[in-house]
Amino acid sequence: MASDLLSIAASGARAARAALDVTAQNIANASSEGYVRRSVSISEVSAAGGQNRLGDISLSGARVSGIDRNADMFRQAEVRRTGSDLARANTELGGLENIEAAVEQSGVYDSIVEFEAALQQLSADPGNPSLRAAVLAGADTLANKFNIAVDSLGAAGEGLRFDAAASVEQANVFGEELARVNLRLARASEGSSDRATLLDQRDTLLEKMSGIVDISTSFAADGTVTVATGGETLVSGGQSAALAMTTAGDGTIAFQVGGAPIAPRGGSLAGAALALESARDVQGRLDVLADQIAGAVNAAQANGVAFDGSPGQPIFAGSGAAGIRVVATQGSAIATAPAGSPAGSIDGSNLAALRQALGGADVAGSANGLLFDVSSAVSGRTVTRDALDAIAASARISLEQQAGVDLDTEAANLMRFQQAFQASGRAMQVASDVFDTIVGLR
């Protein structure tokens, strides 16, 4: 009897000691990234009675049957999904804000308005050399503003592509690490502390990967995970496929997994791709606007004569917002008079035709519309981002409430398991006393 009591008490002490160790581990890692609260699973040990005691139950104490992670796969999946959407929205919004700044700060719209104002002033006195010089200076400023806008857009795009390339490299590193975790998980024993640590690492890597590209997961019974994106497998068992990025001539980007094309719908890569498509579209509209202005001005020049009576020559050369430039060097080259007019003519009918052409194309309105569209896109994406931020925060809070470490709870557990350990120790002391008493009786 004393030996039974002693073994039962010893098993209880071992179980309580294991529970204390796990509780201490929880407290120590309360602030560790990706740590999921753990608990000890304790089960009763019992066996049938011995010889001539077949109808009895011989109690044998308790044992630690495993270490459990307080993880909820649904909540973890929600954190990955909402985090992926938020990462996409943040990256796209950041790119759009840089695009907006590039267009606004370049001053294209203001330079168009000032150029048209200079033409209007010249129409009041077509022979005035200072007004002619002001028109030519306005044209040069306008061309420079277009160039600056394109350069700023290019810088914004380059930043997006640089960050996307870095994210692709990071995703590949995470994939390789996850493949190694899979191999170790396949060998880890069920319910062990090492297995719990590996599962924490697995879930942390999955969350980091989902911030880069949207992923789908499939979990095996041994805890290993298969990860796919865009229908292509990224990680399977101990193998990981390479994620790659290519850049098109228009600055947009595309992605491949193992050579197969994919179209990310979430994560920072999807946001970068969307922002770069917007940058391409904005530059396309700037190109059209620059060509409209250069075409209207040069066409009017061809229909008129310079102040010295020579045929009008182009004021602008090049194409697109990046290529437009002023080639006229003197204000006298502006063909304000119609063809056939003598030198020194103050007939401003050709200048009026130029102004009418610019007004008909509504270049200032087009530039203002471009600014409005970009600003509206930023405002709309900001609302979307804020909504996704709230959703992602809610998912995160829900997961942390379920899987995070609550120090008050752990402190209470410390006291509970300490008392269990002390009680088991007291039971062992009683067993020893009983044994000594029995020996003394003999």
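Residues numbered from 1 in each chain as written. Predicted model: local features only at pLDDT ≥ 70, side-chain atom pairs only at ≥ 80, totals over all residues. Heavy atoms only, no water.

Engineer: Would you mind showing me how to read empty space enclosed by the protein here?
Structural biologist: It is the rolling of a water-molecule-sized probe over the atoms that shows where space remains empty. Summed over all chains, the structure comprises 3 cavities of 30 Å³ or more. The computed volume of the largest cavity comes to approximately 40 Å³. Lining the largest cavity we find Val-103, Val-108, Tyr-109, Leu-286, Leu-289, Ala-367, Leu-370 and Leu-371. Take the lining of the largest cavity: its biggest share by element is 3 residues, from helix 9 (residues 363-403). Tallied by class, the residues present in the lining of the largest cavity amount to 8 nonpolar, no polar and no charged. (1 Å grid on protein atoms, 1.4 Å probe; cavity = no way out; pocket = protein on both sides within 12 Å on 5 of 7 lines; lining within 4 Å. Points joined across faces, edges and corners; volume = space filled by probe spheres on them. Helix = DSSP H or I, 4+ residues; strand = E, 2+ residues; numbered from the N terminus. Nonpolar A, V, L, I, M, F, W, Y, C, P; charged D, E, K, R; others polar.)

Engineer: Looking at this model, I keep getting lost on the sheet that holds strand 5 (residues 232-236). Mind explaining?
Structural biologist: By way of backbone hydrogen bonds, the strands of a sheet pair with one another, either parallel or antiparallel. Spatial ordering of the open sheet is given by 3-4-5-6, a layout of 4 strands whose pairing is antiparallel. Each end of this open sheet is capped by a strand with a single partner; those strands are strand 3 (216-219) and strand 6 (239-240). Where strand 4 (residues 225-229) lies against strand 5, 3 bridges are found, and the strand directions are antiparallel. Within strand 5, the residue paired with Ala-228 across the bridge is Thr-233. This element, helix 5 (residues 193-210), spans strand 3, strand 4 and strand 5 of the sheet and lies at about 0 degrees to strand 4. (Pairing = 2+ DSSP bridges. Contact = heavy atoms within 4.5 Å. Axes fitted to C-alpha atoms, helices over the stretch in contact; angles between N-to-C directions.)

Engineer: Help me out: how do you make sense of helix 3 (residues 108-124) in this one?
Structural biologist: Residues separated by three or four positions in an α-helix point in the same direction, a consequence of the helix having 3.6 residues per turn. The terminal C-alpha atoms of helix 3 lie 25 Å apart, and with 17 residues this matches the ideal 24 Å at 1.5 Å per residue to within 8%. For helix 3, the set of buried residues is Val-108, Ser-111, Ile-112, Phe-115, Ala-118, Leu-119 and Leu-122. Taken end-on, helix 3 shows its buried residues confined to a sector of 125 degrees, consistent with a single buried face. Away from its buried face by more than 90 degrees, helix 3 exposes Glu-114 and Ala-124. Turning to helix 3, the residues buried within the fold contact helix 2 (73-106), helix 4 (129-187), helix 6 (267-302), helix 8 (349-361) and helix 9. (Expected span 1.5 Å × (residues − 1). Buried < 20%, exposed > 50% of the residue type's maximum accessible area, 1.4 Å probe, protein only. Arc of directions from axis to C-beta.)

Engineer: In this structure, what is going on with the sheet that holds strand 9 (residues 260-262)? I would like to understand it.
Structural biologist: Spatially, the 3 strands line up as an open sheet ordered 7-8-9, and their pairing is antiparallel. Two strands in the sheet have a free side with no partner beyond their single neighbour: strand 7 (243-247) and strand 9. Within the sheet, the average angular offset between the axes of one strand and its neighbour, ignoring direction, is 40 degrees. Bridge analysis of strand 7 against strand 8 (residues 253-257) gives 5 bridges, and the strand direction is antiparallel. Residue pairing for strand 8: Ala-244 is matched across the bridge by Gln-256. Packed onto the sheet, helix 4 meets strand 7 and strand 8 and runs at close to 165 degrees relative to strand 7. Where helix 6 meets the sheet, it contacts strand 7 and strand 8, and its direction lies at approximately 150 degrees from that of strand 8.

Engineer: Is there a simple way to explain the nonpolar core in this structure?
Structural biologist: If you look at soluble globular proteins, the nonpolar side chains tend to sit buried side by side. Residues Ile-112, Phe-146, Ile-315 and Phe-316 are the most contacted members of the largest nonpolar core, which totals 48 residues. For this core, the secondary-structure elements that each account for two or more residues are helix 2, helix 3, helix 4, helix 6, helix 8 and helix 9. Apart from the residues within four sequence positions on either side, Ile-112 is in contact with Leu-142, Phe-146, Leu-289, Ile-293, Val-363, Ala-364 and Ala-367. Membership of the second largest hydrophobic core comes to 32 residues, among which are Val-168, Leu-243, Val-257 and Leu-269. (Core = buried A, V, L, I, M, F, W, Y, C linked by side-chain atoms within 4.5 Å.)

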